[in-house]
Amino acid sequence: MFDTILVANRGEIAARIIRTCREMEIRTIAVYSEADVEAPHVAAADEAVEIGPAHVTKSYLNQEAILEAAKSHGADAIHPGYGLMSENPEFVHAVEEAGIVFIGPRPEVMELMGDKARARDFAEKAGVPVVPGSDGPVEDEEQAHAIAESLGYPVLVKASAGGGGIGMNLAKNEKKLAKAIQTSIRRANSAFGDPSFYIEKYIQNPRHIEIQVLADDHGNAIHLFERECSVQRRHQKVIEEAPSPASKTFEGLRQEMGRAALNLVEASEYTNAGTVEFIVSPNGDFYFIEMNTRLQVEHPTTEMITGLDLVEWQIRIAAGESLTLSQQDLAIDGHSIQCRLYAENPDKRFMPAPGAITDWVEPSGEGIRVDSGVSAGLKVTPYYDPLIAKVITHGADRSAAIERMKQALAEFEIGELTTNLSMHLTVMDHEDFRSGDVHTGWLEEEFS
Ligand code: MV4
């Protein structure tokens, strides 16, 4: 097992990774920017290294500074958390060249899944259902017209290098196609320096459901069931839960999506923790959209219903250990919901609202977990993601998890800072949310 892990992240996820390292008796090194001197993840780690100015490109994305901190402080592994350096194959190569273990998948599979057109092609060949669409990237506008014609409108133009909705444009009819392509190309060029795009049939009002997977270096792979992530705004998830309410409606959905996810894992020789994302149409058909090659923000809901520590398993797998669980050993225990608390203003179209935290008292109790990255006396700065905490509850069933969430949110004391907490309380009582029948456009339709 590793002696020392450097956590190349900040906020709630850095603190959460450090907690598991402590339980595993692994020494931790935090890194921090000039703006994060007083951040909780810095205090939580055994040692901490300043890596640069507040701006992410100068600190948390500064590969040389992170590697230098790891080398000079004797780290034998680096955990990237999510975002930042977590899905950058070049960083993985640099880490390995320094003789340090990257806690995550191999860089080759990270690169494959990072190219959404390639990933889609690969998934299809591995027997995973994909949305009807182009075979790989589309060459030009003429070919695009022919493909769209055979698919039938509306179609979605997606940037190959995209993901998370970047460079994605809807063409409702033939007249709108050229413009959608141009917009995708422009966005993809400026965001990724890669103009390539592909086309899919547009699935209206889908749910977003994903499968958590774990795979080791010895050929063992399991899935840890599904998470429902349809409550989102501008491609930012807001509320997640496990299992998905749709699994009650559609018999066989969980098992079929789980099998499909494992087919992709096995075909791509994927290792460590990962998430296979699907969209599910209102009639229960599911389609692969992308694979995230990292731990996800919503992983605690899976931990609550399986009793597993996903960070512990990431570390064990990276250290070469074998999975000791087989698919038959796994069962879902109850239901879990996660509400993301963002420093944002519900009265100003949920725009980020940085500010000082004068009061911060977290709820606690049976079936309540809070993963936070702030504390009283600190400031939320405009430099980083406005996610400040996640409230996660567990109950015997969905309504028990919702009741616990209402209780936890009501108990949360947050002073001065403007957050979306009141919106969460409203959602918990909304009849559509209660019914479990929501799609990816629902939140923006109801709360705008
Ligand atoms: C789609 C889709 C409908 N049809 N693809 C958005 C981000 C990227 N992960 C894929 N996305 C979508 N792809 C087809 N063919 C609808 C979305 C989509 C979405 C997907 C997941 C979560 C939230 C979403 C919000 C809007 C649109």
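As the structure is a computational prediction, the values presented were derived from the model and not from experiment. (Residues numbered from 1 in each chain as written. Predicted model: local features only at pLDDT ≥ 70, side-chain atom pairs only at ≥ 80, totals over all residues. Heavy atoms only, no water.)

1. Some remarks on the nonpolar core
Grouped together as the largest cluster of nonpolar side chains are 35 residues, with contacts concentrated most on F2, I5, I103, L214, L224 and I315. Elements represented by at least two residues in this core include exactly β1 (4–7), α1 (11–23), β10 (221–233) and α12 (310–318). Among the elements that line this core, the one with the most residues is α12, at 6 residues. Residues from two domains meet in this core; each of domain 1 (4–103) and domain 3 (207–446) gives at least three. With 33 residues, the next largest nonpolar core counts I337, C339, I368 and V374 among its residues. (Core = buried A, V, L, I, M, F, W, Y, C linked by side-chain atoms within 4.5 Å. Buried < 20%, exposed > 50% of the residue type's maximum accessible area, 1.4 Å probe, protein only. Helix = DSSP H or I, 4+ residues; strand = E, 2+ residues; numbered from the N terminus. Domains from an automatic or database assignment.)

2. A word on unusual backbone geometry
Omega for the bond connecting Y153 with P154 falls within 30 degrees of zero, at -5°, which places this linkage in the cis form. Cis peptide bonds are those with omega within 30 degrees of zero, and the linkage from A242 to P243 qualifies with -5°. Looking at the secondary structure, you find P243 in the loop between β11 (236–242) and α9 (246–249). At E25, a residue that is not glycine, the phi angle is positive and equals roughly 60°. Tracing the backbone shows E25 in the loop between α1 and β2 (27–33). For E25, a relative accessible area of 75% translates into the label exposed. Of note in this structure, L84 is not a glycine but carries a positive phi near 40°. Secondary-structure assignment places L84 in the loop between β4 (77–79) and α4 (89–97).

3. Notes on the packing of α1 against α12
Two numbers describe how α1 lies on α12: the axes approach to 9 Å, and their chain directions differ by 65°. By the criterion of interaxial angle, the relationship of α1 to α12 is roughly perpendicular. Here the hand of the crossing between α1 and α12 comes out right-handed. In this structure, α1 uses R16, I17, T20 and C21 to contact α12, whose residues at the interface are L310, V311, E312 and I315. Here the contact of α1 with α12 is built from residues that sort into 5 nonpolar, 1 polar and 2 charged. (Axes fitted to C-alpha atoms, helices over the stretch in contact; angles between N-to-C directions. Parallel < 35°, antiparallel > 145°, perpendicular 65-115°, else oblique. Left-handed = near helix turned anticlockwise from the far one by under 90°. Contact = heavy atoms within 4.5 Å. Nonpolar A, V, L, I, M, F, W, Y, C, P; charged D, E, K, R; others polar.)

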